[in-house]
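Read off the chains here:
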Amino acid sequence: MNVVPSLDPASPRVRFGAELRRLREAAQLSQAAVAARLGRTQTQVSRLEKATRTPSKSDAERLDRLFGTPDGVSFTRLYQRIVAQPGAPVWFRSWVEEIEPTARVLRSWDPLLVPGLLQTEAYARHLFSRGRQIGPDEVEHHVEARMQRKRILDRDDPPFYLALIDEGVLRRRIGAAELMREQLDHLLESAQRPAVAIQVVDPECVAGLAGAFMIAEFARGEPDAVHADSPAQGHITTDCDHVSAIWKRYEAIRLWAYPEHVSLRVIEEVRREWT
């Protein structure tokens, strides 16, 4: 069962899509014509109109330049309302809402923490409660959002997820030893899913020191998308040069990954160390 965003008529994202379609049709422009002006594909414009794609700031600004602001409609203001909504960080929201649920294959590299899609509730709660000064209600809100994100792996047609994890992550204490045992048990259980593969990477892998990232592959010939971490925020792009650079780094890291059966044995051994 596919996961789709809410189509609440009051949602600013639904309004964004409806206004785009209305103004495009009034101007007698095809989706392909608008896509050419946005630097997008026709499929991406179609998804904007259906509210299954989160617009970017540049999408909004280019649409305002294309259509002006008839009847007081401003795509930039609608975009600001979209990103002001609570939930995931603005820079990550489009990845979680739009990219992960529609990807055919997801690949990730994590040098510091268990990847979000494989975290237990207790592991995620400890991270959120220690990461910055926030109240208990906000911590639970973030934990709930992370658990909701994980549900793409429970779908009837989940993406195939390949996770590369630095060996040091298994030994990095996050909370109590019991929490770590539970988390490593969860990794072992997750690895039994047909659509999940986990490989542990030798901690001497220098290629992985530049930071965590994810690669999303799609069907129908759509370009790959990447999400790369930075100290301040993540960066999401389909730019060919950037995607190619991340792919090269992924392959360089994968050369240091233990085979899957060895990786699971390593996880089991480290799990016994958490006593």
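This is a predicted model, so every value here is computed, not measured.

Caption draft 1: Expanded view of the overall build of the protein chain. When you go through the protein chain residue by residue, the secondary structure sums to twelve helices and six strands. A compact globule built from 275 residues should have a C-alpha radius of gyration of about 19 Å, and the protein chain, at 20 Å, falls within 12% of that. With the C-alpha coordinates of the protein chain rotated into their principal frame, the extents come out at 65 × 40 × 35 Å. Counting over 275 residues, the protein chain shows a buried share of 49%. In the protein chain, once contacts between residues fewer than 6 apart in sequence are set aside, the share between residues at least 24 apart is 71%. Of the roughly 14,100 Å² of accessible surface on the protein chain, 51% is carried by carbon and sulfur atoms. Positive and negative side-chain charges in the protein chain, numbering 38 and 39 respectively, have mean positions lying 4 Å apart.

Caption draft 2: Representation of the packing of aromatic side chains within the structure. Evaluated as defined, the whole model comprises three aromatic pairs. Where phenylalanine 16 meets phenylalanine 75, the ring centres are 5.0 Å apart and the plane angle is 65°; that geometry is what we call edge-to-face. Of this pair, phenylalanine 16 sits in helix H1 (residues 12-26) while phenylalanine 75 is found in helix H5 (residues 75-83), placing the two residues 59 residues apart along the sequence. Its relative accessible area of 1% is what places phenylalanine 16 among the buried residues. We classify phenylalanine 75 as buried; its relative accessible area is 0%. Ring plane angle 80° and centroid distance 5.8 Å describe the contact between tryptophan 247 and tyrosine 250, whose orientation is recorded as edge-to-face. A residue pair is termed a helical-turn pair when its members lie 3 or 4 positions apart in one helix, as tryptophan 247 and tyrosine 250 do in helix H11 (residues 240-254) at three residues.

Caption draft 3: Structural context of helix H2 (residues 31-38). Those residues of H2 lying buried are Gln31, Val34, Ala35 and Leu38. Down the axis, H2 shows its buried residues gathered within 105° of arc, on one side only. Among the structural elements, H1, helix H3 (42-49) and helix H4 (57-67) are those in contact with the buried residues of H2. Just past H2, the residue glycine 39 takes up positive phi, approximately 75°.

Caption draft 4: Spotlight on the sheet that holds strand E2 (residues 160-166). Taking strand neighbours across the sheet as the criterion, the six strands line up as E3-E2-E1-E4-E5-E6 in an open arrangement whose pairing is mixed. Unpaired on one side and paired on the other, strand E3 (196-201) and strand E6 (235-237) mark the two borders of the sheet. Averaged over neighbouring strand pairs, the angle between their axes works out to 10° when direction is ignored. With six bridges joining them, E2 and E3 adopt parallel strand pairing. Counterpart to leucine 162 in the pairing with E3 is alanine 197.

Caption draft 5: Looking closely at the nonpolar core. Core analysis: the biggest nonpolar cluster contains 37 residues, and Leu106, Leu118, Leu187, Ile198 and Ile267 have the highest contact counts within it. Elements with a minimum of two residues in this core: helix H6 (90-99), helix H7 (121-131), E2, helix H9 (167-171), helix H10 (177-190), E3, strand E4 (213-217) and helix H12 (260-273). Top contributing element to this core by residue count: H10, with six residues. Ignoring anything within four residues of it in the chain, the contact list for leucine 118 reads Leu153, Tyr161, Ala163, Gln183, His186, Leu187, Ser190, Val196 and Ile198. Counting 17 residues, the second largest nonpolar core, distinct from the first, contains Leu23, Val34, Leu38 and Leu63.

Caption draft 6: Here's a closer look at the pairing of E2. With six of seven residues buried, E2 is to be regarded as a mostly interior element. Bridge count for strand E1 (residues 105-110) against E2 is six bridges, and the pairing is parallel. The partner of leucine 106 across the bridge, within E2, is tyrosine 161.

Caption draft 7: Representation of the packing of H2 against H4. Where H2 meets H4, the axes come as close as 10 Å, and the angle between the chain directions of the two elements is 115°. The element H2 and its partner H4 pack so that their crossing is right-handed. Taking contact as the criterion, the partners of Val34, Arg37 and Leu38 in H2 are, on H4, Asp59, Arg62, Leu63, Leu66 and Phe67. Of the residues contributing to the contact of H2 with H4, the split by class is five nonpolar, no polar and three charged.

Caption draft 8: Structural context of the environment of threonine 102. Following the sequence through the fold, threonine 102 ends up in the loop between H6 and E1. Take threonine 102: its relative accessible area is 36%, and that puts it in the partly exposed class. Each C-alpha atom of the pair threonine 102 and threonine 52 lies 9.9 Å from the other, and the pair is 50 residues apart in sequence. Apart from the residues within four sequence positions on either side, threonine 102 is in contact with Arg47 and Phe218.

What counts as what
Within any chain, residue numbers begin from 1 and follow the written order of that chain's sequence. Local features in a predicted model are, by the rule used here, given only for residues with pLDDT of at least 70; side-chain atom pairs are given and counted only at 80 or more, and totals for whole chains, interfaces and linings are based on all residues. Excluded from the side-chain calculation are hydrogens and water; included are all heavy atoms of the structure. Helix and strand assignments follow DSSP, with helices taken as H or I runs no shorter than four residues and strands as E runs no shorter than two, numbered in order from the N terminus. This radius of gyration counts C-alpha atoms alone. The globule rule is 2.2 Å times how many residues there are, raised to the power 0.38. Burial classes: relative accessible area under 20% of the type maximum marks a residue as buried, over 50% as exposed, and values in between as partly exposed (1.4 Å probe, protein chains only). Any two residues whose heavy atoms approach within 4.5 Å at even a single point are treated as in contact. Areas reported as accessible are Shrake-Rupley estimates using a 1.4 Å probe. Residue values count occlusion only from the protein chains shown. Charge counting treats Lys and Arg as positive and Asp and Glu as negative, with His and both chain ends excluded. Every charge is mapped onto a representative atom, which is NZ of Lys, CZ of Arg, CG of Asp or CD of Glu. Aromatic rings from Phe, Tyr and Trp, with only the six-membered ring used for Trp, were paired whenever their centres fell within 6.5 Å, and each pair was classed as stacked if the ring planes differed by under 30 degrees, edge-to-face if by over 60, and tilted otherwise. In this description, one arc is meant: the one made by directions from the helix axis to the C-beta atoms. The criterion for strand pairing is that DSSP finds at least two bridges linking the strands in question. To get an axis, a line is fitted to the C-alpha atoms, and for a helix only the part in contact is used. The angle between two axes follows their N-to-C directions and goes from 0 to 180 degrees. Only buried residues count toward a nonpolar core, which is a set of Ala, Val, Leu, Ile, Met, Phe, Trp, Tyr and Cys residues joined through side-chain atoms within 4.5 Å. Each crossing gets its hand from how the near helix is turned against the far one by less than a right angle, where anticlockwise is left-handed and clockwise is right-handed. Three classes are used: nonpolar for Ala, Val, Leu, Ile, Met, Phe, Trp, Tyr, Cys and Pro, charged for Asp, Glu, Lys and Arg, and polar for all others, with Gly counted as polar.

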